[in-house]
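Fold and geometry: a report
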Amino acid sequence: MAVDVPTADPPVTRAVTPRRRWRRDRAYPLWFHAPAVILYVVLFLVPTGASFYFSMTRWTLFESQFIGFENFVQFFSEPMLVQGFVNTFIYGFVTSAAKVVIGLLLGLLLTGRMFGRNFLRSVIFFPVLVSTIGVGITFKVLLDPFHGLVNGVLGVVGIVGPGWLTDPQMALLTVAAVDVWKGLGIATLIYMAGIVAIPQEYFEAAKVDGASRMQNFRHITLPLLMPATTTVILLSLIGGLRSFDLIWAMTKGGPGFTSDVIASVIYKQYQAGFYGLSTAGNVVLFIVVSLIVIPMSIYFNRREVDR
Amino acid sequence: MRRRQLLAMAGAGALVPLASACSVGSIGGGSGDKTAVRMLVPVSGDGQTVYHEALAKAFMDANPDIQVNIETQPGGTEGDNLTKTKLSTGEMPEVFAYNSGSLLQALSPDTQLVDLSGEAWAKDLSKPFVATVSTANGMYGAPTGTTMGGGILYNRKVYEELGLTIPTTWEQFRDNNHKIKSAGKTAIIQTFGTDWTAQLFVLADFGNVMAQDPQWATEYTANKRKYAEQPALQGFLNQEQTAKDGFYNKDAASAQYDAGVKMLANGDGVHYPMHSGPLAALQQNYPDQVNDVGIFAIPAQDAKNTRLTLWLPGAFYIPKSATGEKLEAAKKLVAFSQSQQGCQILLEHGTVTGPFANQTCQLPSDVPTMVTDVDKYTSQDMALPALEFVSPVKGPGLPNITVEVGRGIRGGLEGAKLYDEDVKKQAQQLGLPGW
């Protein structure tokens, strides 16, 4: 059935019902989907469904007791939750904005004519390849207020460096800065691809009209880079809102609770053995990220179409 | 079939061919019929299985028909999760070492562990220890180490140099701190970079709490006592006050536990709120300074309430998934650890931090000062177990909260209130009445 070539069909088959034709026109049988569907169901749908169930139980791993929405009530009355949410948003938006701005500038720089361009491209991309935990631990050592290299160097030029990771005011932003350092390569790469893809004709036409470099950038490069910007914002915002590994490696949410984000609050609950409660937290995180990212994605996609 | 058997072998992690020959039977003719048992040891650093290896070796020499294989897993909260997972999937090795007290209660011992109250050695255990490994329905653990004292570790050399005496009231302690500070040394070492170390002003004050209110632990479990009220609040206030007095080392915010032990050993820092756990590190890294370090109880406001707080040893447990021959072998191994020979192995290869929880074992005469200090308190009945051994209620947020109080991010009373909120989850998770 599947190997039938439509043009070879005898006229009779025109009479078949639409449903039959749909089956006949497909190039491959439906069960080709099976492996993907099974994997998706077993590894995604079942755990997701289970987590919705367990989020409504008090669960010790040995036994679970259904308690309705009590975990969600408990989760929202968690004293650290408000700060965790605020920190999550600060972290998500700061890293995302910094990656857009710096990524765009570096993208422009590295697509222009300059000495050592390829070398610099690899330098910028290199941190992406390193493990996040490794980066976190390395920076934790470098940023140690008393024995770290960074404050050591600052000390040589007479500046008393701050406690990057131990000052409650700075800890979160320091981690965000390291996150930007690490994730910038991807943003730059996406922007470089976007910039290279802009047809030269636009610039030639603008040149005829006497446009300045600034006008070129403002009216040609920037609008045509909208798809790249969308991708960078979405990727880094999702990553930022869910971010956990770097924060855990560098501060464990500390000092105290001052750099706790939602993910680290949830992880601590899990560590403490509150399995039901932390599952409820994950359901909340899932919903919050979806609520932010889905409308944003729709909005950006519409703007791209409107262009 | 053969293939499946091989897979099963690999899955069970049976590394020793002899052991698998016994369970699989059809493959090869193993030399002798050995029963293999696994022993799980949580480790957080190098060399922590030395005692267990020596114990296993001596046991196998005495019981040639039993093979003991040691497995390790991380300690701390990560280990707690692994332990629960292994128990709930039935993959827990036949003998495993784990904490006693509140952490054990979280394992649902009645449904998961083998009752050991009928074993011959059980009658030799000290009462406070038995309470930490028991539920209403059974006794589940055999002690794996010695008791630790919790209070203030201090450098005796500096005390001599400055002519200080051991304080028994909080005011005296504060005076000493001022004197040490004006002598240009760090009065109190704090290592907030390793966050659990921040808790000791609160946790090791618990002996003093119980001295003032012997019902405190029971009432606390029933949700009738709070940390935000005296006498328990004092621990948080002490943390706040010592921070405000500027007694801490200037790198307290980032310093790690190892650095704290180093400061204490070389006398740069004089007081370290801690339990006798660092003794192992002292013996290994600063053997010449071991006897420079002693311990005293955190002074209460009133000298008559000053008590040392005790950390009771962890224990060996046997999961219900161990049955038949393996169960018998596991019981034999646990019994061996409690024998006279087992004590000797612990003395030789483990770190002795205080008195034994098993009366079969006796401390030798040439123990470090810190151990003699702890022994002094216990033999005079001036020591009481820490809260985690007398109540299952322990919140996960205490390290962070005490870091905040010690850093001045949060006040002492505020921190205590926050901790009262924090423990609610634990109590509800355990299904305790009154929460």
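Bear in mind that the values here come from a model prediction, so they are computed numbers and not experimental data. (Residues numbered from 1 in each chain as written. Chains lettered and ligands numbered in written order. Predicted model: local features only at pLDDT ≥ 70, side-chain atom pairs only at ≥ 80, totals over all residues.)

We now examine the confidence of the model for chain B. All names here are of chain B. Summary statistics for chain B give a mean pLDDT of 87 and a share of 92% for residues scoring 70 or more. Here residues 1-31 scores under 50 on pLDDT; set against residues more than four positions off or in separate chains, the count is 27 contacts. Quick note on the complex model: pTM equals 0.79, ipTM equals 0.73. (pLDDT = per-residue confidence, 0-100. Contact = placed C-beta atoms within 7 Å.)

Residues and elements named next belong to chain A. On the secondary structure map, Ile 186 appears in helix α8 (residues 171-196). Since 20 C-beta atoms lie within 10 Å of it, Ile 186 is described here as buried. Residues Ile 186 and Gly 239 lie 53 residues apart in sequence; the distance between their C-alpha atoms is 12 Å. (Helix = DSSP H or I, 4+ residues; strand = E, 2+ residues; numbered from the N terminus. Buried ≥ 20, exposed ≤ 12 C-beta atoms within 10 Å, placed from the backbone.)

Take the interface of chain A and chain B next. If you look at the interface, chain A gives 23 residues, while chain B gives 27 residues. Here the residues of the side of chain A that touches chain B sort into 11 nonpolar, nine polar and three charged. (Nonpolar A, V, L, I, M, F, W, Y, C, P; charged D, E, K, R; others polar.)

This part covers the domain arrangement of chain B. Residue and element names in this part refer to chain B. With domains assigned, chain B is organised as domain 1 (34-146 + 314-349) and domain 2 (148-311 + 372-429). Between the C-alpha centres of domain 1 and domain 2 there is a distance of 29 Å. Across the contact, six residues belong to domain 1 and seven residues belong to domain 2. Sorting the residues of the side of domain 1 that touches domain 2 by element identifies α5 (102-105) and α7 (127-132) as the ones contributing at least two each. Residue composition of the side of domain 1 that touches domain 2, by class: one nonpolar, five polar and no charged. (Domains from an automatic or database assignment.)

Residues and elements named next belong to chain B. Strands sit in the order β2-β1-β3-β12-β6 across an open sheet of five strands; the sheet is mixed. Lying at the two open borders of the sheet, with one neighbouring strand each, are β2 (66-74) and β6 (142-143). Bridging between strand β3 (residues 95-98) and strand β12 (residues 315-317) involves three bridges; their strand directions are antiparallel. Bridging across to β12, Phe 96 finds its partner in Tyr 317. The strands touched by helix α3 (residues 50-62) are β1 (35-43) and β2; relative to β2, the strand with the most contacts, the crossing angle is about 170°. The strands that helix α16 (residues 324-337) touches are β1, β2, β3, β6 and β12; relative to β1, the one it contacts most, it runs at about 50°. (Pairing = 2+ DSSP bridges. Axes fitted to C-alpha atoms, helices over the stretch in contact; angles between N-to-C directions.)

A separate point is the confidence of the model for chain A. For chain A, mean pLDDT is 85; residues scoring 70 or higher make up 90% of the total. Taken as a whole, residues 1-15 of chain A scores under 50 in pLDDT and shows eight contacts with residues more than four places along the chain or in a different chain.

Glancing now at unusual backbone geometry. All names here are of chain B. Pro 231 follows Gln 230 through a cis peptide bond whose omega is 5°. Relative to the elements of secondary structure, Pro 231 occurs in the loop between α12 (216-221) and α13 (233-244). One non-glycine residue, Asn 223, lies in the positive phi region at around 65°. Locating Asn 223 in the fold gives a position in the loop between α12 and α13. Residue classification places Asn 223 among the partly exposed positions, given that 16 C-beta atoms sit within 10 Å. The phi angle at Asp 381 is positive, at roughly 60°, despite the residue not being glycine. Locating Asp 381 in the fold gives a position in the loop between α18 (369-379) and β13 (383-385). Taking the C-beta count within 10 Å as the criterion, Asp 381 has 8 such neighbours and is therefore assigned exposed.

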